[in-house]
Amino acid sequence: MSNSEQDGTMQLKVFHGKATDDYHTWRVRLRACLRAKKLWDLCDPCKQTKSSSSDLGNKLEEATDIIYRALDDAPLRVVISADGKPREMLKLLDERFASCRPTNRMALLETLYNKKYDDSQNMSTFVDEFTSLFARLEAMGEEVKLPESHKSPLLLASIPDSSFLSSTAAALRTQELKSFDATATILIDEYQARGPKVLGNYRKNASGKGSRQTMKALVNHEDSYNSSFRHMDEKTLAAIAAS
């Protein structure tokens with residue numbers, strides 16, 4: 001679900017206010033939209049200057065409407081008390097959603113530790129999703145920054161042994177720990193070499209019972225390495241989230 005602004009420069013997604021939502025990225029898009037409309041100076045929480053524009057009232061109303069249209073019900077209720085005051089609305093949103101709350105930290109960590117790959121996905125896109133989650137954690141502060149030594153094992157643990165990439169992932173687990181980028185590059189190269197054929201087979205049999213069973217197995221499968229890895233790091237996850 002998204003709103004297309006009149007100038008056509010931005011697809012502004014609706015922010016739902018869930019713990020797993022990326023508030024920081026949504027905020028950047030909102031700022032870009034308001035700047036394109038020449039309304040950001042009226043909304044920037046870091047500025048206290050007041051506009052003397054003759055159409056100030058219309059601009060405040062337009063900025064308010066843009067923010068309202070970009071919010072789902074839950075975050076909308078957070079800002080309703082500042083109706084008509086876009087700067088105050090953004091302050092309220094920042095206070096509520098930009099803070100590094102334990103619930104937000106735990107939700108992101110759980111997303112990382114439970115993330116699963118299936119052969120219908122593009123590995124480059126899958127790696128980008130990991131990178132985005134790492135960046136969101138780092139934006140919350142050094143105390144929740146994931147150690148580099150955890151990143152590659154997390155990526156490898158997301159590959160089930162029913163995947164055509166499982167043999168590559170298994171081989172990497174037995175080797176000296178590589179950086180996340182190096183591990184990702186190997187998996188992406190293997191996907192590019194073999195993925196098109198695998199994807200073609202899924203699409204050819206997309207309506208078949210066997211294909212549905214295969215995809216279900218990919219989603220539900222838990223191999224012993226993945227289970228033991230998550231169990232090993234549960235204490236770490238809890239400690240980081242509680243910090």
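In this report, we go over the structure that sits alongside the text. (Residues numbered from 1 in each chain as written. Predicted model: local features only at pLDDT ≥ 70, side-chain atom pairs only at ≥ 80, totals over all residues. Heavy atoms only, no water.)

As enumerated under the stated definition, the model contains eleven aromatic pairs in all. Residues Phe130 and Phe180 carry aromatic rings whose centres are separated by 6.4 Å and whose planes lie at 50 degrees to one another, so their mutual orientation is tilted. You can see Phe130 sitting in helix H6 (residues 123-139) and its partner Phe180 sitting in helix H9 (residues 180-204), a full 50 residues away along the chain. With respect to burial, Phe130 and Phe180 carry one shared label: buried. Through successive ring pairs, a cluster of aromatic residues spans Tyr117, Phe126, Phe130, Phe134 and Phe180. (Phe/Tyr/Trp six-rings, centres within 6.5 Å; stacked < 30°, edge-to-face > 60°. Helix = DSSP H or I, 4+ residues; strand = E, 2+ residues; numbered from the N terminus. Buried < 20%, exposed > 50% of the residue type's maximum accessible area, 1.4 Å probe, protein only.)

The final tally for this structure, using the stated rule, is six salt bridges. Here Asp94 ties to Arg27 by a salt bridge, and the two come within 2.7 Å at their closest N and O atoms. Placement of Asp94 in helix H4 (residues 86-97) and of Arg27 in helix H1 (residues 23-36) is noted, with a sequence separation of 67 residues between them. When its relative accessible area of 15% is taken as the criterion, Arg27 is described as buried. Measuring nitrogen to oxygen at the nearest pair gives 4.0 Å for the salt bridge that ties Lys59 to Asp55. Lys59 gets classed as partly exposed once you look at its relative accessible area, which sits at 26%. By relative accessible area, Asp55 is classed as partly exposed at 31%. (Salt bridge = Lys/Arg side-chain N within 4 Å of Asp/Glu carboxyl O.)

Attention now goes to the nonpolar core. One broad trend across soluble globular proteins is that nonpolar side chains are buried collectively. Residues Leu112, Tyr117, Met123 and Phe130 are the most contacted members of the largest nonpolar core, which totals 26 residues. For this core, the secondary-structure elements that each account for two or more residues are helix H5 (102-114), H6, helix H7 (148-157), helix H8 (166-174) and H9. Top element by residues in this core is H6. It accounts for seven residues. Aside from chain neighbours lying at most four places away, what touches Leu112 is Phe130, Leu133, Phe134, Leu137, Leu146 and Leu154. (Core = buried A, V, L, I, M, F, W, Y, C linked by side-chain atoms within 4.5 Å. Contact = heavy atoms within 4.5 Å.)

Turning next to the side chain of Asp119. Along the polypeptide, Asp119 turns up in the loop between H5 and H6. Despite being buried, Asp119 has no salt bridge partner; Arg194 is the closest side chain of opposite charge, sitting 7.9 Å away. Polar side-chain contacts of Asp119 include one of 2.7 Å to the side chain of Ser163. Among the polar contacts listed, one links the side chain of Asp119 to the backbone nitrogen of Phe164, at a separation of 3.2 Å. (Lys, Arg positive; Asp, Glu negative; His and termini not counted. Polar contact = N/O pair within 3.5 Å; in protein donor to acceptor, adjacent residues only side chain to side chain.)

Attention now moves to a negative patch on the surface. Judged by side-chain charge, Glu61, Glu62, Asp65 and Asp83 come together as a negatively charged surface patch. Looking at the element boundaries, Glu61 is found in helix H2 (residues 56-69). (Patch = residues over 30% accessible without salt bridge, like charges linked within 9 Å, V, L, I, M, F, W, Y side chains within 5 Å. Areas by Shrake-Rupley, 256 points an atom, 1.4 Å probe, with all protein chains shown as cover. Charge placed at Lys NZ, Arg CZ, Asp CG, Glu CD.)

A few words on H1. Residues three or four positions apart in an α-helix share a direction because the helix packs 3.6 residues into each turn. If you check H1, its first and last C-alpha atoms are 20 Å apart, about what 14 residues at 1.5 Å a residue would give, namely 20 Å. Buried within H1 are the following residues: Tyr23, Trp26, Arg27, Leu30, Cys33 and Leu34. Seen from one end, H1 has its buried residues packed into an arc of 125 degrees, which puts them on one side. Each element contacted by the buried residues of H1 is listed here: strand E2 (11-13), H2 and H4. Two or three places before His24, at the start of H1, stands the capping residue Asp22, its side-chain oxygen 3.3 Å from that residue's backbone nitrogen. Note on H1: the residue one or two positions beyond its end, Lys38, has a positive phi of about 60 degrees. (Expected span 1.5 Å × (residues − 1). Arc of directions from axis to C-beta.)

Among the residues of H8, Ser166, Thr168, Ala169 and Leu172 are the ones counted as buried. Angularly, the buried residues of H8 cover 160 degrees about the axis, an arc narrow enough to put them on a single face.

Structurally, Met123 can be placed in helix H6. Overall, Met123 belongs to the buried group, its relative accessible area being 0%. If sequence neighbours within four positions are ignored, Met123 has contacts with Tyr117, Ile159, Leu165, Leu187, Ile188 and Tyr191.

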